[in-house]
Amino acid sequence: MLPECQLFGTLGCHLCEQAESLLMPFVENGLLVELVDIAEDESRADRYGLRIPVLRRLDNGGELDWPFEAEQVATFLSRPELSGC
C-alpha cells in the first residue's frame, strides 16, 4: 500500500505543476496526495519557500525535494526508512 503524501507548493509555480504531472501516474495507481499551498501558512512559507515543490510522506515525515523523477518517487514511496533523497 502506498503511503499518503502531501505536495507542498503554491499557485502559479511552474515547477509545482511539473511535479503534479509527474505524480499523476502514481495517483492513478492509488497514491493519495494532498496539495498544500504554502502561501496560506507563514511557517510553511518560511520552511518550504525556497524548496518547493516538496513531496512529504505522512507516515514517517520523509521529504523529497525537487527536482525529482518518477524513479526517485517510486523509491521514496516504497522504502519506509527513507527520510528524503
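Predicted model, so just to flag it, every value in this text is computed and none were measured.

> Where do I start with the pairing of strand S2 (residues 33-37) in this structure?
The side chains of a regular strand alternate, residue by residue, between the two faces of the sheet. Here 5 bridges tie strand S1 (residues 5-9) to S2, and the two strands are oriented parallel to one another. Across the sheet, the residue bridging to Cys5 is Val33, located in S2. Where the polypeptide runs from S1 across helix H1 (residues 14-28) and back to S2, its parallel neighbour, the crossover connection is right-handed.

> Looking at this structure, how should I read the layout of surface pockets?
Any empty space left between atoms is shown by rolling a water-sized probe over those atoms. Quantified by volume, the largest pocket comes out at close to 160 Å³. Lining the largest pocket are 13 residues, and of these Gly9, Thr10, Leu11, Glu20 and Leu35 sit closest to its centre.

> Sorry, what's going on with the pairing of S1 here?
For S1, the buried fraction is high: 5 of the 5 residues fall into the buried class. Side chains Cys5, Leu7 and Gly9 of S1 all project onto a buried face; the interleaved residues Gln6 and Phe8 project onto the opposite face, where all are buried too. With 4 bridges joining them, S1 and strand S3 (residues 54-57) adopt antiparallel strand pairing. Residue pairing for S3: Phe8 is matched across the bridge by Val54.

About the thresholds
Residues numbered from 1 in each chain as written. Predicted model: local features only at pLDDT ≥ 70, side-chain atom pairs only at ≥ 80, totals over all residues. Heavy atoms only, no water. Pairing = 2+ DSSP bridges. Helix = DSSP H or I, 4+ residues; strand = E, 2+ residues; numbered from the N terminus. Right-handed = clockwise from strand over helix to strand, strands pointing away. 1 Å grid on protein atoms, 1.4 Å probe; cavity = no way out; pocket = protein on both sides within 12 Å on 5 of 7 lines; lining within 4 Å. Points joined across faces, edges and corners; volume = space filled by probe spheres on them. Buried < 20%, exposed > 50% of the residue type's maximum accessible area, 1.4 Å probe, protein only.

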